[in-house]
Amino acid sequence: LGVRVPRFFVLGAHAFREQLERTGLSDRVDGELERLTRAPIDGPDGRRAVEETARALGALVDSITLDPELEQALAFASATLGAPSALVAVRSSAVGEDGEHHSFAGQLDSVLGVRHATDIAEAVRRCWKSAPGERALDYRRRTGTLAGACRVAVIVQRMVIGDVSGVLFTLDPVTGDSSRMRVSAV
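Values in this document were obtained by computation on a predicted structure and should not be read as measured data. (Residues numbered from 1 in each chain as written. Predicted model: local features only at pLDDT ≥ 70, side-chain atom pairs only at ≥ 80, totals over all residues. Heavy atoms only, no water.)

**A short note on the nonpolar core**
Of all hydrophobic cores here, the largest spans 45 residues; its most connected members are Val90, Trp128 and Leu137. Contact partners of Leu137, with chain neighbours within four places excluded, come to Leu33, Leu36, Val50, Thr53, Ala54, Leu57, Pro132, Leu146 and Ala149. (Core = buried A, V, L, I, M, F, W, Y, C linked by side-chain atoms within 4.5 Å. Buried < 20%, exposed > 50% of the residue type's maximum accessible area, 1.4 Å probe, protein only. Contact = heavy atoms within 4.5 Å.)

**Considerations on the pattern of salt bridges**
Applying the stated rule across the entire model yields 16 salt bridges. As a salt-bridge pair, Arg17 and Asp30 come within 2.8 Å of each other at their nearest N and O atoms. Highlighted residues: Arg17 in helix H1 (residues 13-22) and Asp30 in helix H2 (residues 26-37), separated in sequence by 13 residues. One salt bridge connects Asp109 with Arg135, and the closest N-O pair in it is separated by 3.2 Å. Of this pair, Asp109 sits in the loop between strand S2 (88-94) and strand S3 (110-114) while Arg135 sits in helix H6 (residues 134-143); the two residues are 26 residues apart in sequence, bridging distant segments of the chain. Judged by its relative accessible area of 48%, Arg135 is partly exposed. (Salt bridge = Lys/Arg side-chain N within 4 Å of Asp/Glu carboxyl O. Helix = DSSP H or I, 4+ residues; strand = E, 2+ residues; numbered from the N terminus.)

**As for the sheet that holds strand S1 (residues 8-11)**
Pairing is antiparallel in the open sheet, where four strands are placed in the order S1-S4-S2-S3. Lying at the two open borders of the sheet, with one neighbouring strand each, are S1 and S3. Between one strand axis and the next, the sheet turns by 15 degrees as a mean value, whatever way the strands run. Here S2 pairs with S3 via three bridges, running antiparallel. What sits directly across from Val88, in S3, is Val114. (Pairing = 2+ DSSP bridges. Axes fitted to C-alpha atoms, helices over the stretch in contact; angles between N-to-C directions.)

**Notes on a nonpolar patch on the surface**
Taken together, the side chains of Leu1, Val3, Val5, Phe8 and Val10 define a hydrophobic patch exposed on the protein surface, amounting to about 610 Å² of accessible area. By the secondary structure assignment, Val3 is in the segment before S1. Looking at Val3, the relative accessible area reads 62%, which means it is exposed. (Patch = residues over 30% accessible without salt bridge, like charges linked within 9 Å, V, L, I, M, F, W, Y side chains within 5 Å. Areas by Shrake-Rupley, 256 points an atom, 1.4 Å probe, with all protein chains shown as cover.)

Here it is as structure tokens:
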């Protein structure tokens, strides 16, 4: 369509799960999520359960040592984007995010202005860690989508310092008309 899209690469949602399995943490993650499904949704006990689960899962993600092949792939791909001389944005993208029935806007982390491969790897880990973070866990629990808490991809894209920023809705968000697109720019 002639739209200039900054160069990017995607670390698919499978990569996070593979890292959990490789490090022997997937069963512990699944157990924590299962425990949360049995907790009350509202009230102090529900809030505490979300906090405890997010803390436990965050510690598990922090304990992951990235596979050396993944680190090498991230370094190579980052260099193709111009790092370390160019800034990149490392953005999370949860499977099922912003679908027909749910919107995860503001639930997961993104890291902007990253330059070096080691910082990009750490930003990827931060995106992964935010997927089972408090905000996202609470939202997923309330919407019945808790099973997908660790299904998150990461997009690493050359960063553009823009004059304006915006969102393109591929259908009119007010009327639902799929023959109209709407842009909100600020």
